[in-house]
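Letter by letter, the chains look like this.
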Amino acid sequence: MNWEQVKGNWTQMKGELREKYGALTDDEVEQAKGERDQLVGVISEKYGKAKFEVEKELDEWLSER
């Protein structure tokens, strides 16, 4: 799966992302609106992780789809 597919299925993906990143609120996930950079920023800030680390996690998550 690629990021364009995530954007196309954003409603479904939001639930999966909330499972993976349980500390995120609905508003924070909604704020990203399917945009990868926005989502990386929100996760990075919330979890105190470097952006490259979050990007790697998201790539791994996508490869499992």
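Structure shown above.
If you're wondering where the values come from, they're calculated on a predicted model, not measured in any experiment.

(A) Examining the packing of helix H4 (residues 36–47) against helix H5 (residues 51–63) more closely. Across the interface, H4 lies against H5 with an axial gap of 9 Å and an inter-helix angle of 120°. In terms of axis orientation, H4 runs oblique to H5. Between H4 and H5 the crossing geometry is right-handed. Where H4 approaches H5, its residues Arg36, Leu39, Val40, Gly41, Ile43 and Ser44 are matched on the opposing element by Lys51, Val54, Glu55, Leu58, Asp59 and Leu62.

(B) Examining H4 more closely. The end-to-end C-alpha separation of H4 is 16 Å, in line with the 16 Å expected for 12 residues at 1.5 Å each. Buried within H4 are the following residues: Arg36, Leu39, Val40, Val42, Ile43 and Ser44. Packing partners of the buried residues in H4 comprise helix H1 (3–8), helix H2 (10–20), helix H3 (26–32) and H5.

(C) Structural detail: the packing of H2 against H5. It is the contact of H2 with H5, at a shortest axis distance of 13 Å, that shows an interaxial angle of 120°. Overall, the two elements H2 and H5 adopt an arrangement that is oblique. The two elements H2 and H5 cross, and the hand of that crossing is right-handed. The residues of H5 that touch H2, namely those facing Met13, Glu16, Leu17 and Lys20, are Glu57, Leu58 and Trp61. Considering only residue class, the contact of H2 with H5 consists of four nonpolar, no polar and three charged.

Cut-offs used in this document
Residues numbered from 1 in each chain as written. Predicted model: local features only at pLDDT ≥ 70, side-chain atom pairs only at ≥ 80, totals over all residues. Heavy atoms only, no water. Axes fitted to C-alpha atoms, helices over the stretch in contact; angles between N-to-C directions. Helix = DSSP H or I, 4+ residues; strand = E, 2+ residues; numbered from the N terminus. Parallel < 35°, antiparallel > 145°, perpendicular 65-115°, else oblique. Left-handed = near helix turned anticlockwise from the far one by under 90°. Contact = heavy atoms within 4.5 Å. Expected span 1.5 Å × (residues − 1). Buried < 20%, exposed > 50% of the residue type's maximum accessible area, 1.4 Å probe, protein only. Nonpolar A, V, L, I, M, F, W, Y, C, P; charged D, E, K, R; others polar.

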